Amino acid sequence: MSAPLRRLQQAPRHLLVCEKGHARHARSRHEAHVRDHAYNCRVSVLIPECGMLPQVLKSAVADLGEYYVVRGLPVHQLLDLEFIECFVRKGSCYALAYNTRIDQDNTAALLPTGKLILSVDKDTYEELGLQGHPSRYSGKKPMRYIITIDLTDSNFHPDGKKHKRVLWALKEKKPLEFDFLLAWYNSGAEGSTLMSYFPKNQIQALKPKVTFSTLRDLQCPVLQSNELEGKPEESCSTEELFEWLGAVLNQVNLDNVSSSFLSTYCCPQPNTVVDQAFLCTITGFIIPEKIIQLLEQLCCYFSEPKLAQWLTLTVHGFADSPVSWRENEHGFHKGGENLYNFVIFRNLDYWLQMALGTNDDCPP
Amino acid sequence: QVGAALPVDVLVYEEKSLCAVLRVVSGGFVKLWSALTLQGFYQNRRCAFRVLQTSPFLLALAGNSRELVLD
């Protein structure tokens, strides 16, 4: 087959990794993985053999906190000493440009580590004149550059040369302005001070949207926590579970026969039919600290005897975030997927599946 | 594969929004997307297909941050 025809059959690269652990193991990395994934737009919890919101989740779901939208915020205002002292050095501050496309537009994000990430096109990079590096997924001719500024660096203070240069670049040379999604987490302190920092006409407080539904007569795959590859006639593999979960969350019919005209997708074998399953969906700008609380409460769900053998927690990242896990660069090729899924078993073993698209690095 | 045809699954079809989720084998991804793009007529009526989201993971289609609407 000639090279162009061969290329027609190539699907974009993607990655799905699966890790097994135990939630109560001292060296378990489940919380670290959640913490490293800063920007999350959707969290879904699926609990088989459950008809309504369990008691353990009530407080976690009620306590999701608020996030904020700040319209037309110039990036240089994130360099203000007062902002850095109040929100970046204390607690965890998350900011992500809203409604920008990572494959077309300039975008910005602030990580809780204090790193300000700017993902800009070639023209903007040259106009800004700040030091950065070409995007890893830019091809032979770099058309996208990443600039990282550490706001908590000891050298980065208002009297220093570095700060003056960055401020001049972002304020006068090439002012950048975005609508930002913001959240701040500080254990022990009230979370309302972001609201008082920005002008009232610029900032809006929002709560994540929560929806509940009960699925009836759901076919669920049989899983064994120590059989990641599945065992013929006994349990399903992690990939089969991952695809099945996608089918459930997208309301795909699981009942097709192989000769069906429309669809041949079926629930993987072996499976059992459960009378009911509880599905909770949270959308918005959800910070890792809240997801860790949810995860902890889901582990507590099994502290009392339950019919369910396992439950799942699925988290979708923002397609247009400049980073996936930690500071790994994230891009949008044909899709911007960066998501992860926990399967928590009765004995608190867990599977953690992390999925990434073409313009992405392997997760840590 | 039968001749030049590719088996495609219509996993979901929502009449209200006229949206569907299709599944195809990886090797047929480019062909299917191209075919949808070039499909301009159906039974002598003009039509157009717009691809909203693609992913190798069905689960990724459940959450599209580009459609996140803030109140």
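These numbers come from a predicted model, not from an experiment.

Participant: Which residues make up the domain arrangement of chain A, and what are the values?
Facilitator: All names here are of chain A. The domain boundaries assigned to chain A delineate domain 1 (13-65 + 208-356) and domain 2 (67-206). Placing the centre of domain 1 and that of domain 2 at their C-alpha centroids yields a distance of 31 Å. With both chains or domains summed, domain 1 and domain 2 bury close to 2000 Å², and 67% of this area falls on carbon and sulfur atoms. Across the contact surface, domain 1 and domain 2 share 1 salt bridge. A salt bridge links Glu327 to Lys115, with the shortest nitrogen-to-oxygen separation between them at 2.9 Å. At the boundary of domain 1 with domain 2, the tally comes to 8 residue pairs in polar contact (both at pLDDT 80 or more). When residues of the side of domain 1 that touches domain 2 are traced back to their parent elements, those giving at least two are strand 12 (271-286) and helix 9 (288-301). It is helix 9 that provides the largest number of residues to the side of domain 1 that touches domain 2, a total of 4 residues. Residue composition of the side of domain 1 that touches domain 2, by class: 11 nonpolar, 6 polar and 6 charged.

Participant: Lay out helix 9 of chain A with the relevant residues and their values.
Facilitator: The end-to-end C-alpha distance of helix 9 of chain A is 20 Å, a good match for the 20 Å that 14 residues give at a rise of 1.5 Å each. Among the 14 residues in helix 9 of chain A, 10 count as buried, and that is most of the element.

Participant: Pulling in residues and values, what's your account of the sheet that holds strand 13 (residues 310-317) of chain A?
Facilitator: Adjacent strands of a sheet pair through backbone hydrogen bonds, lying either parallel or antiparallel. Residues and elements named next belong to chain A. With respect to topology, 7 strands assemble into an open sheet ordered 1-15-14-13-2-12-11, the strand pairing being antiparallel. Every other strand in the sheet has two partners, leaving strand 1 (15-22) and strand 11 (209-221) as the edge strands with one partner each. The sheet shows a mean angle of 15° between the axes of neighbouring strands, taken without regard to direction. Bridge count for strand 2 (residues 40-48) against strand 13 is 6 bridges, and the pairing is antiparallel. Bridging across to strand 13, Ser44 finds its partner in Thr314. Across the sheet, helix 9 lies against strand 2, strand 12, strand 13 and strand 14 (338-345), angled at about 5° from strand 2, the strand it touches most.

Participant: Provide a residue-level description of the environment of A:Gly51, including the pertinent values.
Facilitator: Residues and elements named next belong to chain A. Within the secondary structure layout, Gly51 lies in the loop between strand 2 and helix 3 (55-62). Taking relative accessible area as the criterion, Gly51 reaches 28% and is therefore assigned partly exposed. Here Gly51 is in contact with Thr214, Gln276 and Phe278, once residues within four sequence places are set aside.

Participant: Let's hear about the environment of A:Val70: which residues, and what values?
Facilitator: Residues and elements named next belong to chain A. With respect to the helices and strands, Val70 occurs in strand 3 (residues 67-74). Sequence separation of Val70 and Pro199 is 129 residues, and the distance between their C-alpha atoms is 9.2 Å. Excluding its chain neighbours within four sequence positions, the residues that come into contact with Val70 are Phe178, Asp179, Phe180, Leu182, Phe198, Gln202 and Ile203.

Cut-off values and rules
- Residues numbered from 1 in each chain as written.
- Chains lettered and ligands numbered in written order.
- Predicted model: local features only at pLDDT ≥ 70, side-chain atom pairs only at ≥ 80, totals over all residues.
- Heavy atoms only, no water.
- Domains from an automatic or database assignment.
- Buried area = accessible area lost by both parts, 1.4 Å probe.
- Salt bridge = Lys/Arg side-chain N within 4 Å of Asp/Glu carboxyl O.
- Polar contact = N/O pair within 3.5 Å; in protein donor to acceptor, adjacent residues only side chain to side chain.
- Helix = DSSP H or I, 4+ residues; strand = E, 2+ residues; numbered from the N terminus.
- Nonpolar A, V, L, I, M, F, W, Y, C, P; charged D, E, K, R; others polar.
- Expected span 1.5 Å × (residues − 1).
- Buried < 20%, exposed > 50% of the residue type's maximum accessible area, 1.4 Å probe, protein only.
- Pairing = 2+ DSSP bridges.
- Axes fitted to C-alpha atoms, helices over the stretch in contact; angles between N-to-C directions.
- Contact = heavy atoms within 4.5 Å.

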